[in-house]
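Residue-level listing of the chains:
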Amino acid sequence: MSITSIISAIGNNSSIYPLLVRDCGIEVPTKVYLTYQENKNDKEIQKLATRERFLDEYIGSGIWLGAIPLLDAITNKIIKKSGFNPNINLKLLKEEDAQGLEYNIKKFEKIAPDAVKDLIKLRDAKAKKTYQMLLGTKFLASTIIPIAMIGFILPKLIFASSAKKIEELRKAKQNNQNQTTQTENNLNKTAQKSSKTSFTGNIMSTLANFSTKEKMEVIDGGYAFGRIVTARKGPDGNRNEAKDIAFKMAGMMYLNYVAPEQIEKGMNIFTQKAFKLNTNLDPLILADKNFIEEIKSGKLLLPKSDNAKDLLDFVDNNPKSLFVKYANKFEKIKMLNENIRDPRAYIDIKKLAQFKNDIEEFAKSTKASQSVEKLAKRAKGIKTFNILANVGLSSFLLAYCLPKAQFAFRRLVTGSELEPGIVNANMKNKNNLY
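All residue numbers here refer to positions counted from 1 along the written sequence of the relevant chain. Thresholds applied to this predicted model are a pLDDT of at least 70 for local features of residues and 80 or more for the giving and counting of side-chain atom pairs; totals over whole chains, interfaces and linings are not thresholded and use all residues. Water and hydrogen atoms were dropped before computing side-chain values, which therefore reflect all heavy atoms in the structure.

## So, the overall build of the protein
Turning to step 1, where the next piece is worked out: The way it works is that DSSP assigns letters per residue, a run of H or I at least four long becomes a helix, a run of E at least two long becomes a strand, and they are numbered from the N terminus. The secondary structure content of the protein amounts to 17 helices and 0 strands.
Turning to step 2, where the next piece is worked out: Each residue gets one of three labels from its accessible area relative to the maximum for its type: buried under 20%, exposed over 50%, partly exposed in between, using a 1.4 Å probe on protein chains only. The burial tally for the protein puts 48% of its 434 residues in the buried class.
Turning to step 3, where the next piece is worked out: For every accessible area listed, the method is Shrake-Rupley and the probe measures 1.4 Å; residues are considered covered only by the protein chains on display. For the protein, the computed accessible surface area is about 22100 Å², with 57% contributed by carbon and sulfur atoms.

See below:
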């Protein structure tokens, strides 16, 4: 894979690749280290808190990244055995301008007969209802199971493991009566400070066809809820760990799913104003010599308008054009092969139209340039910088700034920088570790 392909992948905020880079490459190891540093004033709590964070982050990430494709593969096999093709988008059941179940059957019956056979099955009302139920079950399985595992089961297992470690350490302490009582004093102070603080059908078609990234968003929302519900209470009934987790998860959801797209839009706007250059296109397109040559020669083919019929007719009539090639590459459309669009796939017309407009705008901007190659190279360089800056900034906010903000929030709520869940777990036992 080329450097440009890698940059393209991590710059696509509609895919899971930026999440992989931020989560596994930067966020998780940084959070483990910061947890270790934040609890440095108490060596025993430091050890337990770091252990919990390590297990939680790495096991959770493994489930988060692996469960969706695994469960999708299993449910797809079940759907196929039931006689349906899981690739049919339920949005096609509602007829729209230039696409829909009947429209696509009629248009593709001769050029894609096998795919059309899959669509024809859904003409039957009973079959349609069964297929909707199967896709709904697929969505629920690929979201609820990971949510249960990450949000409820995993924290309980980790808490139980920590409780066991605490008991082992408590017994070891009891066997050495001369050992220092400094940690007990620290926890007593923490408990005193904590007690003084007081804080008070269309849907189915949308859900069933969620992308992997969208399912991850759902899982993270459910995971956040599960972690708050399962958070450990103190002996005085305080919910300090729940507050700590709620703050962290709210920040994580924003910085993982919202902020990168906002940063991308902001950088594109800044670039356009500062350099008078459109950088909405992916580096792969800007690096394509055929794309540059077609612009220079005036042979670049694009749909004549943003109208749904014009867009889809262009795709179907010009399947080997660069527009169709990259629209398929970046999942604006789905092709069965190099000549035929998949009639079972639903096309988001707004996204396809925006893609066409971005290409058209860049092509127009080259007319005032003496060298299309230099302009494309410059645009690619700026776009690459924007992508790397976006990943770097969002990762810094997520991996460093958010934990620091969480620790500050923790000190405000509990009066201590120590992990509230571990503190609560220890305080519950009268003959505690300390």
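## What to know about the pattern of salt bridges
Turning to step 1, where the next piece is worked out: Salt bridges are defined as contacts in which a side-chain nitrogen from Lys or Arg sits within 4 Å of a carboxyl oxygen from Asp or Glu. Under the counting rule described, the total for this entry stands at 19 salt bridges.
Turning to step 2, where the next piece is worked out: A salt bridge links Lys356 to Asp306, with the shortest nitrogen-to-oxygen separation between them at 3.3 Å. Here the residue Lys356 occupies a position in helix H15 (residues 349–365), and Asp306 occupies one in the loop between helix H12 (289–297) and helix H13 (308–317), the gap between them amounting to 50 residues.
Turning to step 3, where the next piece is worked out: For Asp306, a relative accessible area of 36% translates into the label partly exposed.

## Points about unusual backbone geometry
Turning to step 1, where the next piece is worked out: Although it is not a glycine, Ala98 adopts a positive phi angle of roughly 80°.
Turning to step 2, where the next piece is worked out: Secondary-structure assignment places Ala98 in the loop between helix H3 (43–81) and helix H4 (101–108).
Turning to step 3, where the next piece is worked out: The phi angle at Lys276 is positive, at roughly 55°, despite the residue not being glycine.
Turning to step 4, where the next piece is worked out: By the element assignment, Lys276 lies in the loop between helix H10 (240–275) and helix H11 (283–286).

## Here's the deal with the nonpolar core
Side chains of a nonpolar character, in soluble globular proteins, are inclined to be buried together.
Turning to step 1, where the next piece is worked out: Definition of nonpolar core: a set of buried residues of the types Ala, Val, Leu, Ile, Met, Phe, Trp, Tyr and Cys, connected through side-chain atoms within 4.5 Å. Membership of the largest hydrophobic core comes to 36 residues, with the highest contact counts inside it found for Phe291, Phe323, Ile333, Leu352, Phe355 and Phe362.
Turning to step 2, where the next piece is worked out: When residues of this core are traced back to their parent elements, those giving at least two are H11, H12, H13, helix H14 (322–329), H15 and helix H16 (372–414).
Turning to step 3, where the next piece is worked out: With 7 residues, the single largest contributor to this core is H15.
Turning to step 4, where the next piece is worked out: Residues Ile147, Tyr223, Ala224 and Leu398 belong to the second largest nonpolar core, which totals 22 residues.

## Details of the packing of aromatic side chains
Turning to step 1, where the next piece is worked out: Only the six-membered ring of Trp is used, alongside the rings of Phe and Tyr, when aromatic pairs are assigned; centres must lie within 6.5 Å, and planes under 30 degrees apart are stacked while those over 60 apart are edge-to-face, with the rest tilted. Scanning all chains against the criterion turns up 10 aromatic pairs.
Turning to step 2, where the next piece is worked out: On the basis of an interplanar angle of 65° and a centroid distance of 6.5 Å, the ring pair of Phe152 and Phe225 is categorised as edge-to-face.
Turning to step 3, where the next piece is worked out: Take Phe152: its relative accessible area is 29%, and that puts it in the partly exposed class.
Turning to step 4, where the next piece is worked out: The exposure class assigned to Phe225 is exposed, which follows from its relative accessible area of 53%.
Turning to step 5, where the next piece is worked out: Judged by centre distance (4.6 Å) and plane angle (10°), the rings of Phe247 and Phe409 are stacked. Here Phe247 is found in helix H10, whereas its partner Phe409 is found in helix H16, with 162 residues between them in sequence.
Turning to step 6, where the next piece is worked out: When its relative accessible area of 22% is taken as the criterion, Phe409 is described as partly exposed.
Turning to step 7, where the next piece is worked out: Linked through ring pairs, Phe314, Phe323, Tyr326, Phe330 and Phe355 together constitute an aromatic cluster.

## Things to note about H16
Turning to step 1, where the next piece is worked out: Helix span is expected to be 1.5 Å times the residue number reduced by one. A rise of 1.5 Å per residue sets the reference length of H16, with its 43 residues, at 63 Å; its end C-alpha atoms lie 60 Å apart and thus fit the reference within 8%.
Turning to step 2, where the next piece is worked out: We define the bend at each residue as the angle formed by axes fitted to the 7 residues ending at it and the 7 residues starting at it. The largest bend along H16 reaches roughly 35° and is located at Cys401, with the proline Pro403 sitting one to four residues downstream.
Turning to step 3, where the next piece is worked out: In the stretch just after H16, Gly415 is the one whose phi turns positive, near 80°.

## Points about a nonpolar patch on the surface
Turning to step 1, where the next piece is worked out: Patch membership requires over 30% relative accessible area and the absence of a salt bridge. Like charges are linked within 9 Å, and nonpolar side chains (Val, Leu, Ile, Met, Phe, Trp, Tyr) within 5 Å. A surface patch of nonpolar side chains, amounting to about 350 Å² of accessible area, comprises Ile145, Met149, Ile153 and Leu157.
Turning to step 2, where the next piece is worked out: Among the secondary structure elements, Met149 is positioned in helix H6 (residues 125–174).
Turning to step 3, where the next piece is worked out: Judged by relative accessible area, Met149 falls into the partly exposed class, the value being 33%.

## Section: H13
Turning to step 1, where the next piece is worked out: Of all 10 residues in H13, 7 are buried; the element is thus mostly enclosed.
Turning to step 2, where the next piece is worked out: Buried residues of H13: Ala308, Leu311, Leu312, Asp313, Phe314, Val315 and Asp316, and no others.
Turning to step 3, where the next piece is worked out: The criterion used for residue contact is that any of the two residues' heavy atoms lie within 4.5 Å. Those residues of H13 that are buried are in contact with H4, H14 and H15.
Turning to step 4, where the next piece is worked out: Within 3.5 Å is the distance limit for a polar contact, defined as a pair of N or O atoms, with the added protein rule that one can donate a hydrogen and the other accept it, and that residues adjacent in sequence qualify only through two side-chain atoms. One side-chain oxygen at the N-terminal end of H13 lies 2.8 Å from the backbone nitrogen of Lys309; it belongs to Asn307.

## Section: the side chain of Thr75
Turning to step 1, where the next piece is worked out: With respect to the helices and strands, the residue Thr75 is situated in helix H3.
Turning to step 2, where the next piece is worked out: The class for Thr75 is buried, based on a relative accessible area of 11%.
Turning to step 3, where the next piece is worked out: A distance of 3.1 Å separates a polar side-chain atom of Thr75 from the backbone oxygen of Asp72.
Turning to step 4, where the next piece is worked out: In contact with Thr75, not counting residues within four places along its chain, are Lys138 and Ala141.

## Focus: the environment of Leu311
Turning to step 1, where the next piece is worked out: Considering the arrangement of structural elements, one finds Leu311 in helix H13.
Turning to step 2, where the next piece is worked out: The spatial distance from the C-alpha of Leu311 to the C-alpha of Leu352 is 7.7 Å, given a sequence separation of 41 residues.
Turning to step 3, where the next piece is worked out: Excluding its chain neighbours within four sequence positions, the residues that come into contact with Leu311 are Pro303, Ser305, Asp306, Ile349, Leu352, Ala353 and Lys356.

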